[in-house]
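So the chains spell out like this:
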Amino acid sequence: MDIRRRNNVHVVGRADAPVLLLAHGFGCDQNMWRLVVPALAERYRVVLFDYVGSGGSDLSAWSEERYASLDGYARDVVDVCEELDLRQAVFVGHSVSAMVGVLAARDAPERIGTLVMVTPSPCYIDDEGYRGGFSAEDIEELLGSLESNYLGWSSAMAPVIMGNPDRPELGQELTNSFCATDPDIARVFARTTFLTDSRKDLGSVSVPTLVLECDQDAIAPREVGAYVHAAIPSSRLVTLGATGHCPQLSAPEATAGAILDFLGSPR
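This section reports on the structure supplied with the text.

Section: the sheet that holds strand 2 (residues 19-23)
Next, step 1: Within the open sheet, the seven strands sit side by side as 1-3-2-4-5-6-7. Their pairing is mixed. Every interior strand has two partners, whereas the edge strands, strand 1 (10-13) and strand 7 (235-243), have only one. On average, adjacent strands in this sheet sit at an angle of 20° to one another, irrespective of strand direction.
Next, step 2: Relative to strand 6 (residues 209-216), strand 5 (residues 112-118) runs parallel, the two being bridged by four bridges. In the strand pairing of strand 6, Val-118 is matched with Leu-212.
Next, step 3: Packing of helix 10 (residues 222-231) onto the sheet brings it into contact with strand 5, strand 6 and strand 7, and relative to strand 6 it is tilted by some 165°.

Next comes the structure, spelled out in structure tokens:
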């Protein structure tokens, strides 16, 4: 199988530099990284890809069985790493992809040497002693709305996820990205994203890790960032003075700067 074509792989930046592998979240694709790539590519070799079912990937390679769990997405990551023979890469995962990176690092430790978790959440549902931001009823209502009217759900939820109501073009961009996703594929990815509890997987992380959160985030509140940081002894928590769940779009300079600072590169 042609992994580069299947996952729409693109490589930019310095050919002789360490590798950053950028992984998008639910309803998105690699285009969501475009505003941070120029700064990162000055110092690194940057690998961009789309999960199967997203963006410019080969939709014929998608199967509900594989992508009904985060392990299927982690397999995509490992496949890309193996295809490009990446070793000790820096994995930068947005939202649900932060946890996909945890699984990929566990399954292929020789391939991933550092994790950058951008607005991560290991569990979106509140539990005893844990605030994920949503009740179980909230999530079922969210998923029910998505499954009954995906385009309507996208138009309503994307601006909430993006935040920044004073910059409506950002919410519109996320709406367009959601609407470009096949509704049947989105349904499976959404259930995988919002119903998976990955808290126990955090204990497997032993590599240097940056937990990057926003000051205000309706999807991953700051209690979640604190939880992830506490669960990963090798982590550093950085709070951006930004609003929303997608700082790579709403605050790209701060996002790229935090990543470069963590990796020890001058801006």
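Moving on from the model shown.
What about the nonpolar core?
Next, step 1: Grouped together as the largest cluster of nonpolar side chains are 70 residues, with contacts concentrated most on Val-77, Met-117 and Leu-174.
Next, step 2: Core analysis: the next-biggest nonpolar cluster, separate from the first, contains 25 residues, Val-37, Leu-48, Val-116 and Leu-240 among them.

Some thoughts on empty space enclosed by the protein
Next, step 1: Scanning the model with the defined rule gives two cavities of 30 Å³ or more in all.
Next, step 2: Volume-wise, the largest cavity comes out at about 120 Å³.
Next, step 3: Phe-26, Ser-95, Ile-161, Phe-178 and His-245 are the residues nearest the centre of the largest cavity, which is lined by 14 residues in total.
Next, step 4: Of all the secondary structure elements, the ones that give two or more residues to the lining of the largest cavity are helix 8 (168-179) and helix 9 (183-195).

Considering the side chain of Asp-76
Next, step 1: As for its placement among the helices and strands, Asp-76 is situated in helix 4 (residues 70-84).
Next, step 2: Filtering out sequence-adjacent residues up to four positions away, Asp-76 remains in contact with Arg-6, Asn-7, Tyr-51, Val-52, Arg-66 and Tyr-67.

Remarks on the environment of Val-80
Next, step 1: As for its position among the elements, Val-80 is in helix 4.
Next, step 2: Val-80 sits 76 residues away from Arg-4 along the chain, and the two C-alpha atoms are 7.3 Å apart.
Next, step 3: With residues up to four places along the chain from it excluded, the contact list for Val-80 reads Ile-3, Asn-7, Val-9, Leu-21, Val-47 and Phe-49.

Regarding the environment of Phe-178
Next, step 1: Following the sequence through the fold, Phe-178 ends up in helix 8.
Next, step 2: Through-space distance from the C-alpha of Phe-178 to that of Gly-27 is 4.8 Å; in sequence the pair is 151 residues apart.
Next, step 3: With residues up to four places along the chain from it excluded, the contact list for Phe-178 reads Phe-26, Gly-27, Tyr-150, Trp-153, Ser-154, Ala-158 and Ile-161.

A few points about the side chain of Ser-250
Next, step 1: Take Ser-250: it is sitting in helix 11 (residues 247-250).
Next, step 2: On the basis of relative accessibility, which here comes to 9%, the residue Ser-250 falls in the buried class.
Next, step 3: Not counting residues within four places of it along the chain, the set of residues in contact with Ser-250 comprises Asn-164, Arg-167, Leu-170 and Thr-243.

A short note on a negative patch on the surface
Next, step 1: Together, Asp-126, Glu-137, Asp-138 and Glu-141 give the surface a local cluster of negative charge.
Next, step 2: Relative to the helices and strands, Glu-141 is located in helix 6 (residues 136-148).

So, how was this worked out
All residue numbers refer to position in the chain's written sequence, counted from 1. Per-residue local features of the predicted model are confined to residues with pLDDT of at least 70, and side-chain atom pairs are confined, for both listing and counting, to 80 or more; whole-chain, interface and lining totals are unaffected and use all residues. To get the side-chain values, take all heavy atoms of the structure and skip hydrogens and water. When DSSP finds at least two bridges between two strands, those strands are taken to pair. Per the convention used, a helix needs a DSSP run of H or I reaching at least four residues, while a strand needs a run of E reaching at least two, with both numbered from the N terminus. To obtain each axis, a line is fitted to C-alpha atoms, and for helices this fit is confined to the stretch in contact; angles are then taken between N-to-C directions over 0 to 180 degrees. Note on definitions: a residue-residue contact is assigned when non-hydrogen atoms from the two residues lie within 4.5 Å. Nonpolar cores are built from buried Ala, Val, Leu, Ile, Met, Phe, Trp, Tyr and Cys residues. Side-chain atoms within 4.5 Å join them into one set. For every residue, the accessible area (1.4 Å probe, protein chains only) is compared with the maximum for its type, and the residue is labelled buried under 20%, exposed over 50%, or partly exposed between those bounds. The distinction between a cavity and a pocket rests on a 1 Å grid over the protein atoms alone: a 1.4 Å probe fits inside a cavity but cannot get out, while a pocket stays open yet meets protein on both sides within 12 Å along at least five of seven lines, and a residue with an atom within 4 Å of a point counts as lining. Grid points are joined across faces, edges and corners, and a volume is the space filled by probe spheres set on the points. Candidates for patches are residues over 30% relative accessible area with no salt bridge; among them, like charges are joined within 9 Å and nonpolar side chains (Val, Leu, Ile, Met, Phe, Trp, Tyr) within 5 Å. Each accessible area value is a Shrake-Rupley result obtained with a 1.4 Å probe; residue values ignore everything except the protein chains displayed when judging cover. What counts as a salt bridge is simple: a side-chain nitrogen of Lys or Arg found within 4 Å of a carboxyl oxygen of Asp or Glu. Positive charges come from Lys and Arg alone, negative charges from Asp and Glu alone, with His and the N- and C-terminal ends not counted. By convention, the point assigned to a charge is CZ for Arg, NZ for Lys, CD for Glu and CG for Asp.

Just geometry here; none of it tells us what the structure is for.
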